[in-house]
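A look at the structure
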Amino acid sequence: MKDRGFTLLELIITMGVMAFLIEVGVLSYTAVGRAMTSQVDELDSSWQTYRALSDIETDLREARLMITAGPASMSFWWKDLDGDTLVNPLTEVLTYSWDGTAGGDIVVSGARSRVVARGIQNFALTYDSVVPATVKSATAQLTLQAGKKQTTGEMTIMMRNK
């Protein structure tokens with residue numbers, strides 16, 4: 001007897017198995033994509049938190065004198081750029097601030113104006129003294145959201161105070 005090909009039942013069963021295998025592949029690909037997106041959001045949030053705290057630390061370590069010390073903002077004499085030992089508010093003072101709005105930005109204004117971090121959920125500053133001129137250290141705590149992930153970071157920074 002001569003073989004003439006596949007029966008209709010064999011073709012239907014083969015197509016069903018292939019459709020099942022394709023569906024499993026698509027579901028696996030989608031799950032991996034979601035997991036990767038979640039990991040990227042977490043890394044992005046952690047990196048932005050680290051970078052913001054690092055920026056604040058770098059500037060505050062060079063601070064000569066705290067001018068104002070609030071719970072979500074601070075101003076300090078950053079550097080004596082002209083060497084006259086007097087504070088020039090246009091070129092030598094930095095002010096870090098957050099407006100208190102969830103999802104808002106931490107900005108630094110003054111000598112080096114820029115956005116430090118976006119997507120801030122909380123920004124809290126505490127100091128070792130209630131008198132701004134005698135502050136020697138500050139603790140910055142921030143909670144940042146990137147995508148669906150939130151990261152909280154905290155750093156205590158000693159000022160130069162010279």
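A few words now on a nonpolar patch on the surface. Taken together, L9, I13, V17, F20, L21 and V24 make up a surface patch of nonpolar side chains, about 600 Å² in accessible area. By the element assignment, I13 lies in helix α1 (residues 8–61).

Our next topic: the pairing of strand β3 (residues 93–98). One face of the sheet, then the other: side chains in a regular strand alternate in exactly this way. Here strand β2 (residues 73–77) runs beside β3; their pairing, made up of five bridges, is antiparallel. Paired with S73 across the bridge in β3 is S97. Two elements, β3 and strand β4 (residues 104–110), share five bridges in a ladder whose sense is antiparallel. Along β4, the bridge assignment pairs S97 with V107. Here β3 folds back onto β4 in antiparallel fashion, the turn holding five residues, of which G100 has a positive phi close to 90°.

What counts, and where the lines are drawn
- Residues numbered from 1 in each chain as written.
- Predicted model: local features only at pLDDT ≥ 70, side-chain atom pairs only at ≥ 80, totals over all residues.
- Heavy atoms only, no water.
- Patch = residues over 30% accessible without salt bridge, like charges linked within 9 Å, V, L, I, M, F, W, Y side chains within 5 Å.
- Areas by Shrake-Rupley, 256 points an atom, 1.4 Å probe, with all protein chains shown as cover.
- Salt bridge = Lys/Arg side-chain N within 4 Å of Asp/Glu carboxyl O.
- Helix = DSSP H or I, 4+ residues; strand = E, 2+ residues; numbered from the N terminus.
- Pairing = 2+ DSSP bridges.

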